[in-house]
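Okay, here's what each chain looks like letter by letter:
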Amino acid sequence: MKSAFPAALSVCAFQSSEMAAKMEISDIDFLNVIPEWDNSIDDLTLSQTCKDAENENTAFEKLEDLTLSQALDQYEVDFEMDDLPDFELTQVPLTADNIIEELEKAVTENCSENSRYSFVEDIDIDKLVKSTESRNTRKNTTWSVATFNDWRVARMKSNYCAIPELLQFTANDVNQWLSKFVIETRRKDGKPYPPKTLYLLCVGILRFHRENGVHMNFLDEKDCVFYDFRRSLSATMTELTKQGIGTTTKQAEAISEETESTLWEKGLLGSTSSKAIMNTMFFYNSKLFGLRGVDEHRNLSVDQFELGKDQTGSYILFKGRANKTYKVLFKIYEQYLNIVRDLNGTAFYRRPLDKGSIKFGEQSVGVNKLSNIMKTMCAEAGIDGYFTNHSGKRTCATTLYQAGVPEQEIMNRTGHRSVESVRKYKRASSEMLKDISNILEPSESMCKKIKHEDNTEIQNRTENQEISKSAAGGVGSLFTGCVFNFNSGS
């Protein structure tokens with residue numbers, strides 16, 4: 001059977017190439033363009049033809065989804081790349097040398113407009129890290145490196161050996177030279193360093209390495225590469241401990257409740273004078289908020305304190321930590337903050353002016369003055385003991401510990417990051433030590449038995465002494481000038 005559809009399609013659909021160029025396939029109505037439709041056409045041929053037309057139409061519709069190169073390949077267009085127009089993504093023509101740089105500039109300019117991010121440079125990161133670093137940490141690092149360099153120069157002069165600089169150290173250098181360093185290093189007076197100080201020297205050197213991109217943790221017990229060094233360090237510390245060096249550590253004492261009451265009674269704490277108010281601010285900033293070092297106190301700002309009231313009463317809010325205080329402390333804080341907030345600047349501690357009234361000067365309290373407030377205050381009260389600014393924070397941890405506060409809450413108040421660190425601050429009260437002694441003492445019944453045995457032993461000893469004396473004296477008096485004959489049986 002012959003199909004009449006292909007012939008009719010060729011005559012009516014595309015009569016000329018010009019008409020084909022102007023027409024869209026979607027505009028063609030196949031049923032209307034065919035004047036005489038042959039009803040004898042089978043369904044199979046019609047479905048196949050419609051499917052081909054549909055595929056061709058789909059290709060045209062998806063043309064806009066194709067890339068330029070895909071469209072050129074699809075229709076086999078061949079021409080030189082020079083005929084393409086210039087597409088400039090940036091104001092500067094792109095070349096192989098500047099394409100990355102120019103694109104980065106374009107992205108940066110677009111992102112900088114209405115951006116919610118604050119971009120920083122490497123130098124800004126370094127400044128941020130150093131601004132939050134403790135002054136004691138920086139001093140420890142500098143001192144550790146200086147101590148090692150002094151030993152290094154002295155050893156090279158005396159032994160004519162070459163010791164590399166710290167930043168040039170390898171694992172073998174650590175095991176060889178750092179082992180000798182911990183054994184040979186001495187204080188300026190020639191005495192050996194205590195074990196803890198020796199360990200801190202190594203910590204400072206390790207920190208110096210990390211700050212300068214040398215990542216060798218020679219103090220990590222899991223790293224067997226530095227086993228020889230750690231063995232030398234451990235042996236040296238053990239030997240120093242046997243010699244009694246560094247066995248007694250001098251630590252700042254906590255302010256007991258009795259000492260605190262004495263300071264109030266003698267007017268060194270309270271609101272009776274400008275000096276007393278400043279002492280009160282310093283002591284209770286340490287006790288209530290866990291501040292310790294001079295840097296923490298010196299960097300305080302009046303903006304970090306907020307006074308308020310809620311349903312439980314008056315409170316003092318310290319930015320970062322909240323604390324509900326006694327009303328007497330609230331009033332003193334309120335009095336002090338109201339005065340210093342009217343002064344220029346935001347420094348918290350201002351020089352007290354004792355001129356018959358409560359006044360403070362514009363000048364901030366100096367570093368030396370802040371460093372000795374606790375020591376001076378206790379000395380003026382006639383309180384014996386070793387008190388430093390560290391005593392305030394130790395008082396905070398000790399008071400909470402003696403009250404049974406959980407360690408996690410103590411850490412939140414003192415700012416410690418580990419349980420081991422906060423445990424070093426704990427001190428047992430005198431009552432607690434007395435209870436411990438009473439617990440370890442023998443029981444009352446055992447004490448009576450021991451006392452009875454001691455009395456019996458003393459009595460027996462006395463009787464034996466008396467018998468010995470009487471026996472010795474009796475022989476001399478009863479048998480004087482006599483001859484005794486003893487006959488033995490035969």
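Calculation rules
Residues numbered from 1 in each chain as written. Predicted model: local features only at pLDDT ≥ 70, side-chain atom pairs only at ≥ 80, totals over all residues. Heavy atoms only, no water. Helix = DSSP H or I, 4+ residues; strand = E, 2+ residues; numbered from the N terminus. Buried < 20%, exposed > 50% of the residue type's maximum accessible area, 1.4 Å probe, protein only. Contact = heavy atoms within 4.5 Å. Core = buried A, V, L, I, M, F, W, Y, C linked by side-chain atoms within 4.5 Å. Arc of directions from axis to C-beta. Axes fitted to C-alpha atoms, helices over the stretch in contact; angles between N-to-C directions. Parallel < 35°, antiparallel > 145°, perpendicular 65-115°, else oblique. Nonpolar A, V, L, I, M, F, W, Y, C, P; charged D, E, K, R; others polar. Expected span 1.5 Å × (residues − 1). pLDDT = per-residue confidence, 0-100. Pairing = 2+ DSSP bridges. Polar contact = N/O pair within 3.5 Å; in protein donor to acceptor, adjacent residues only side chain to side chain.

(A) Summary view of the overall build of the protein chain. Each helix and strand in the protein chain was counted, giving 22 helices and five strands. Out of the 490 residues belonging to the protein chain, those deemed buried represent 27%. Here the contacts in the protein chain between residues at least 6 apart in sequence split such that 58% fall between residues at least 24 apart.

(B) The nonpolar core, seen in detail. Grouped together as the largest cluster of nonpolar side chains are 38 residues, with contacts concentrated most on Met 281, Phe 289, Phe 305, Tyr 333, Phe 348 and Tyr 349. When contributions to this core are tallied by element, the ones reaching two or more residues are helix 13 (274-289), strand 2 (313-318), helix 15 (327-340) and helix 17 (373-380). Ranked by residue count, the leading element in this core is helix 13, at eight residues. Apart from the residues within four sequence positions on either side, Phe 348 is in contact with Met 281, Asn 285, Leu 300, Ser 301, Val 302, Phe 305, Tyr 336, Leu 337 and Val 340. The next biggest cluster of nonpolar side chains, apart from the first, holds 26 residues, and it includes Phe 148, Leu 201, Phe 208 and Phe 229.

(C) A look at unusual backbone geometry. Unlike most non-glycine residues, Tyr 160 shows phi in positive territory, near 50°. Tracing the backbone shows Tyr 160 in the loop between helix 8 (135-159) and helix 9 (171-184).

(D) Helix 17, seen in detail. Along helix 17, the positions that sit buried rather than exposed are Ile 373, Met 374, Met 377 and Cys 378. Seen end-on, helix 17 carries its buried residues on one side only, within an arc spanning 120°. Facing away from the buried side of helix 17 by more than 90 degrees, the exposed set consists of Lys 375 and Ala 379. The secondary structure elements touched by the buried residues of helix 17 are helix 12 (257-265), helix 13, helix 16 (367-371) and helix 18 (390-402). Just past helix 17, the residue Gly 382 takes up positive phi, approximately 75°.

(E) Highlighting the packing of helix 9 against helix 11 (residues 227-242). Running from N to C, helix 9 and helix 11 cross one another at 10°; their axes reach a closest spacing of 8 Å. Here helix 11 runs roughly parallel to helix 9, going by the angle between their axes. Taken together, the residues of helix 11 that come into contact with helix 9 (itself represented by Val 174, Asn 175, Leu 178, Ser 179, Val 182 and Ile 183) are Tyr 227, Asp 228, Phe 229, Ser 232, Leu 233 and Thr 236. Its residues assigned to classes, the contact of helix 9 with helix 11 shows seven nonpolar, four polar and one charged.

(F) How the structure looks around helix 13. With 16 residues, helix 13 extends 22 Å between its outermost C-alpha atoms, agreeing within 8% with the 22 Å of an ideal straight helix rising 1.5 Å per residue. Of all 16 residues in helix 13, 15 are buried, a share of seventy percent or more. Trailing helix 13 by a residue or two, Gly 290 shows a phi angle of about 75°, which is positive.

(G) Representation of the packing of helix 8 against helix 10 (residues 195-211). At a minimum axis distance of 8 Å, the contact between helix 8 and helix 10 shows a crossing angle of 100°. Comparing their axes, helix 10 and helix 8 come out roughly perpendicular. For the pair formed by helix 8 and helix 10, the contact residues are Thr 137, Arg 138, Asn 140, Thr 141, Trp 143, Ser 144, Val 145, Thr 147 and Phe 148 on the first element and Thr 197, Leu 200, Leu 201, Gly 204, Ile 205, Arg 207, Phe 208 and Glu 211 on the second. Residues that form the contact of helix 8 with helix 10 fall into these classes: seven nonpolar, seven polar and three charged.

(H) Structural context of the confidence of the model for the protein chain. Across the protein chain, pLDDT averages 75, with 63% of residues at or above 70. Per-element mean pLDDT across the protein chain ranges from 42 in helix 1 (residues 5-12) up to 95 in helix 9. Confidence drops under pLDDT 50 across residues 77-87; counting only partners more than four residues distant or on other chains, this segment forms four contacts.

(I) Structural view of the pairing of strand 1 (residues 305-310). In this sheet, strand 2 lies alongside strand 1 in antiparallel orientation, the contact comprising six bridges. If you follow Asp 310 over to strand 2, its bridge partner there is Gly 313. Hairpin connection, strand 1 to strand 2: the antiparallel pair is bridged by two residues.

(J) Summary view of the side chain of Thr 398. Position of Thr 398 among the secondary structure elements: in helix 18. Polar side-chain contacts of Thr 398 include one of 2.8 Å to the backbone oxygen of Arg 394.

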